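The lines below spell out each chain.
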Amino acid sequence: MIGIIDYGMGNLRSVENALKKLGKESVISGDPDVLSGCEKLILPGVGAFPDCMANIHQRGLYEPIRKMVSNGTPLLGICLGMQMLYEASEEMELTKGFGFLKGTVKKMETDLPIPQIGWNELVFDGSHPVKDVLSDHPYVYYVHSYCACDIEESQLYGYSMYGDIRVPGLVGKDNILGAQFHPEKSGREGLAILKYFVEESV
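Remember, it's a predicted structure, so these values are computed and weren't measured experimentally.

Thresholds, definitions, all that
- Residues numbered from 1 in each chain as written.
- Predicted model: local features only at pLDDT ≥ 70, side-chain atom pairs only at ≥ 80, totals over all residues.
- Heavy atoms only, no water.
- Pairing = 2+ DSSP bridges.
- Helix = DSSP H or I, 4+ residues; strand = E, 2+ residues; numbered from the N terminus.
- Phe/Tyr/Trp six-rings, centres within 6.5 Å; stacked < 30°, edge-to-face > 60°.
- Buried < 20%, exposed > 50% of the residue type's maximum accessible area, 1.4 Å probe, protein only.

Our next topic: the pairing of strand β7 (residues 104–107). When strand β5 (residues 88–89) meets β7, the two strands line up parallel, connected through two bridges. Across the sheet, the residue bridging to alanine 88 is threonine 104, located in β7.

Turning our attention to the packing of aromatic side chains. The final tally for this structure, using the stated rule, is four aromatic pairs. Where phenylalanine 98 meets phenylalanine 100, the ring centres are 5.3 Å apart and the plane angle is 5°; that geometry is what we call stacked. In this pair, the class of phenylalanine 98 matches that of phenylalanine 100, namely buried. Site record: aromatic cluster; members linked through ring pairs are Tyr62, Phe98 and Phe100.

Sheets are built from strands that pair by backbone hydrogen bonding, the pairs being arranged parallel or antiparallel. Reading across the sheet, the four strands line up as β6-β5-β7-β10 and stay open at both edges, with mixed pairing between neighbours. The two strands at the open ends of the sheet, each matched to only one other strand, are β6 (95–96) and β10 (146–149). Pairing of β5 with β6 involves two bridges; the strand directions are antiparallel. Across the sheet, the residue bridging to serine 89 is threonine 95, located in β6.

Here you go:
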């Protein structure tokens, strides 16, 4: 069973529907007891970083999620959910994230339109296993104004270029995976990434 973390914000149903397309059972819940019984967790995110983190704390989810992940439960963060995997964000005000990954989320500085909305190629420099389930030039769907900066290069799996900005698109370490784009809205490539997470990732 895949647990989709409900903290009052996020694209829960679209993630659930994508998992249904893959034939994967999931449960949407904000109950730590329910989530602790799940094999893997997905943290979606839509909205502002401070609001999302405030909701997670108010609903008593912060420490249980940290404990589950530290005990080895795989976690996938999507869009703002990926940003919350980092140490902090500068959106609106400096706000602490979960700190699973090294880095700070900052507003993108570019002459191109912000937010970035649309399809962009996901580029791999290395040989992460998720690359093997994708086409040679995978395109994924982004909607965001902020991106992870000052990251650990070993935690970067794939990126997209937006003007001269290198946007960390797929990141992680050990049992943690983060997608700045929306795999549930990225067609075949996105479903392949979700399938990789639920079937193959540790």
